[in-house]
Amino acid sequence: MLGEAKLPADASEAACEDSPITPLMSAFYTRLKYKDVTATQWHLTADNLLSRNVSYTMPRSFLVPENRVDEVHVVEADSDGLFCLSATVHTPEVPYGSKFHSRFQLIFRGSADPANNADMDVTADIHYKNGGPPFLLKGQIRSGTEKETARTWKTFAGLVNGVACATADMETDPKKLAATRDEASFNLC
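Just so you know, these numbers come straight off a predicted model, no measurement behind them.

(A) Representation of unusual backbone geometry. Backbone geometry at D36 places phi at a positive 50 degrees, although glycine is not the residue there. Locating D36 in the fold gives a position in strand β2 (residues 35–39). With relative accessibility at 54%, the residue D36 sits in the exposed group.

Take a look at the structure:
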């Protein structure tokens with residue numbers, strides 16, 4: 001698990017509104033400095049799951065130029081109040097981007113917290129195609145994915161909570177990130 005956070009009780013509902021780009025989603029992508037964001041309407045799949053496509057341009061990073069990102073989001077909910085947003089993320093314009101994709105899950109569940117909050121857990125993984133890129137690059141890809149996933153969902157938790165705890169200049173010390181990865185959990189705010 002890459003992270004966990006306490007969110008207001010209605011946070012999970014914001015992920016499934018009628019408009020393809022909700023005000024929360026717009027603020028989220030703006031805070032991340034993503035451009036040209038598009039999203040399809042949610043639609044029901046053959047498996048009775050909600051799905052949509054989201055695309056955007058991610059800004060340049062230290063090693064990767066500005067690039068287009070395509071995501072497929074799928075929502076599942078159960079009768080126990082569990083709500084899961086899974087996404088498959090394709091970055092074909094990054095080096096070796098055609099050789100891998102990442103997946104993340106956001107799991108929201110009702111909390112025992114007396115403030116009537118929802119808990120959010122975040123996980124991410126890399127899936128390689130046809131063996132993936134050269135072995136030496138796999139660690140860099142995994143590290144970059146973990147760092148970006150943590151930054152992204154800290155930003156989300158910060159927006160939902162109304163807390164500016166996740167800005168573009170947040171802590172990204174590799175030693176602290178490694179310690180976080182070893183602990184397998186961190187508090188997002």
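(B) Representation of the pattern of salt bridges in the model. Applying the stated rule across the entire model yields four salt bridges. E148 is paired through a salt bridge with R151; the nearest N and O atoms lie 2.9 Å apart. On the criterion of helical spacing, the pair formed by E148 and R151 is a turn pair, its members being three residues apart in helix α2 (residues 135–161). With relative accessibility at 23%, the residue E148 sits in the partly exposed group. Exposure remark for R151: the relative accessible area of 15% places this residue in the buried category.

(C) Local environment of the packing of aromatic side chains. Here the structure, examined in full by the defined rule, presents 10 aromatic pairs. Pairing Y29 with Y56 gives two aromatic rings, centres 5.3 Å apart and planes at 35 degrees, and the pair type is tilted. Here Y56 lies in strand β4 (residues 50–58) and Y29 lies in helix α1 (residues 23–31), a separation of 27 residues in the sequence. Accessibility classification places Y29 together with Y56 in one group, the buried group. When the ring of Y34 is compared with that of Y56, the centres are 4.4 Å apart and the planes differ by 0 degrees; the resulting orientation is stacked.

Calculation notes
Residues numbered from 1 in each chain as written. Predicted model: local features only at pLDDT ≥ 70, side-chain atom pairs only at ≥ 80, totals over all residues. Heavy atoms only, no water. Helix = DSSP H or I, 4+ residues; strand = E, 2+ residues; numbered from the N terminus. Buried < 20%, exposed > 50% of the residue type's maximum accessible area, 1.4 Å probe, protein only. Salt bridge = Lys/Arg side-chain N within 4 Å of Asp/Glu carboxyl O. Phe/Tyr/Trp six-rings, centres within 6.5 Å; stacked < 30°, edge-to-face > 60°.

These figures come from the coordinates and say nothing about function on their own.
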